[in-house]
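Structure at a glance
What follows is each chain in one-letter form.
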Amino acid sequence: MFETERLIVRPWESADAARAFDIYSKEAVTKWIGMDKPLDDPAQGEKMIARWADLAAKHDHRYGCWAAQIKETGVIAGTILLVPLPDPADGRFPGAIEVGWHFHPDSWHRGYATEAARGALQLADSYGLTEIFAIAWPGNDPSLAVMRRLGMSYLGRTDRWYDREAECYVLR
Ligand SMILES: CC(C)(COP(=O)(O)OP(=O)(O)OC[C@H]1O[C@@H](n2cnc3c(N)ncnc32)[C@H](O)[C@@H]1OP(=O)(O)O)[C@@H](O)C(=O)NCCC(=O)NCCS
């Protein structure tokens, strides 16, 4: 999809199943991203990858949930996503696009999420997408810090998407 200084961002592949399981079996990751519970069976790694592929297939080539792989080591640091948000009931911001990030704890505190997200925003810009949202549950300070590092503007709290209240940022 794209490269940054330290990362290659590309589709998840079935060969990455063990790493996908490792990421999505961590409660420290899943509690912030709307998963009911962490994965508890390694076989679910493949299912997670299939889930990302299904999500991407619902949309056109511009969107997806991609693996952010560290060039130096080959390790997948996490998932970076650029996807349309579900259209909200209140009709505001129809067709809104979300940028998001789910990183393995062993790859936190190195700037990888911000770097991958910057790349995703540049990709969005190259597609002519002029308004990108990011949302996080209240209290997810590391994620909110990523939004601020990206230069996104705080819009406030909203329950417009995902049936619960979230902090909402936008980059226009
Ligand atoms: C949200 C999440 C991706 C943030 O990860 P993060 O590591 O804090 O964010 P970044 O990758 O941008 O790294 C920033 C940190 O790296 C540090 N850093 C180290 N080397 C760096 C470098 N070369 N360049 C930039 N920053 C660097 C920064 O100083 C900053 O440090 P801090 O964490 O002590 O403030 C991570 O917490 C996560 O995956 N959480 C679980 C899932 C989740 O909540 N997803 C979001 C749902 S809304």
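Here is a short report on the structure shown in this document. What you see is a predicted model, and the numbers here were worked out from it, not measured in a lab. (Residues numbered from 1 in each chain as written. Predicted model: local features only at pLDDT ≥ 70, side-chain atom pairs only at ≥ 80, totals over all residues. Heavy atoms only, no water.)

The next subject is the side chain of Thr30. Along the polypeptide, Thr30 turns up in helix α2 (residues 27–30). Relative accessible area serves as the criterion here: at 1%, Thr30 is assigned to the buried category. Other than its neighbours up to four places away in sequence, Thr30 contacts Tyr24, Met35, Lys37 and Pro38. (Helix = DSSP H or I, 4+ residues; strand = E, 2+ residues; numbered from the N terminus. Buried < 20%, exposed > 50% of the residue type's maximum accessible area, 1.4 Å probe, protein only. Contact = heavy atoms within 4.5 Å.)

By the criterion of burial, strand β4 (residues 76–84) is predominantly enclosed, with 8 of the 9 residues buried. Connecting strand β3 (residues 64–70) to the antiparallel partner β4 that follows it, the hairpin turn spans 5 residues, and Gly74 within it adopts a positive phi of roughly 85°. Inspection of the sheet shows β4 paired to strand β5 (residues 97–103) by 7 bridges, in the antiparallel sense. From the neighbouring strand, Pro84 faces β5, where its bridge partner is Ile97. (Pairing = 2+ DSSP bridges.)

On to the pattern of salt bridges, then. For side chains bearing opposite charge, pairing can occur when the charged atoms are close. Taken as a whole and judged by the stated rule, the model has 11 salt bridges. Residues Glu3 and Lys71 are paired through a salt bridge, measuring 3.0 Å at the closest nitrogen-oxygen approach. Highlighted residues: Glu3 in strand β1 (residues 2–3) and Lys71 in the loop between β3 and β4, separated in sequence by 68 residues. Relative accessible area serves as the criterion here: at 36%, Lys71 is assigned to the partly exposed category. Across the salt bridge formed by Arg19 and Asp22, the nearest N and O atoms sit 3.7 Å from each other. Here the residue Arg19 and the residue Asp22 both occupy positions in helix α1 (residues 17–24), the gap between them amounting to 3 residues, near one helical turn. The exposure class of Asp22 is partly exposed, given its relative accessible area of 26%. In this structure, a network of salt bridges that share partners links the residues Arg19, Asp22, Lys26 and Asp106. (Salt bridge = Lys/Arg side-chain N within 4 Å of Asp/Glu carboxyl O.)

The subject of this paragraph is the environment of Ala166. Note that Ala166 resides in strand β8 (residues 166–171). In this structure, the C-alpha to C-alpha distance between Ala166 and Gly139, residues 27 residues apart in sequence, is 9.5 Å.

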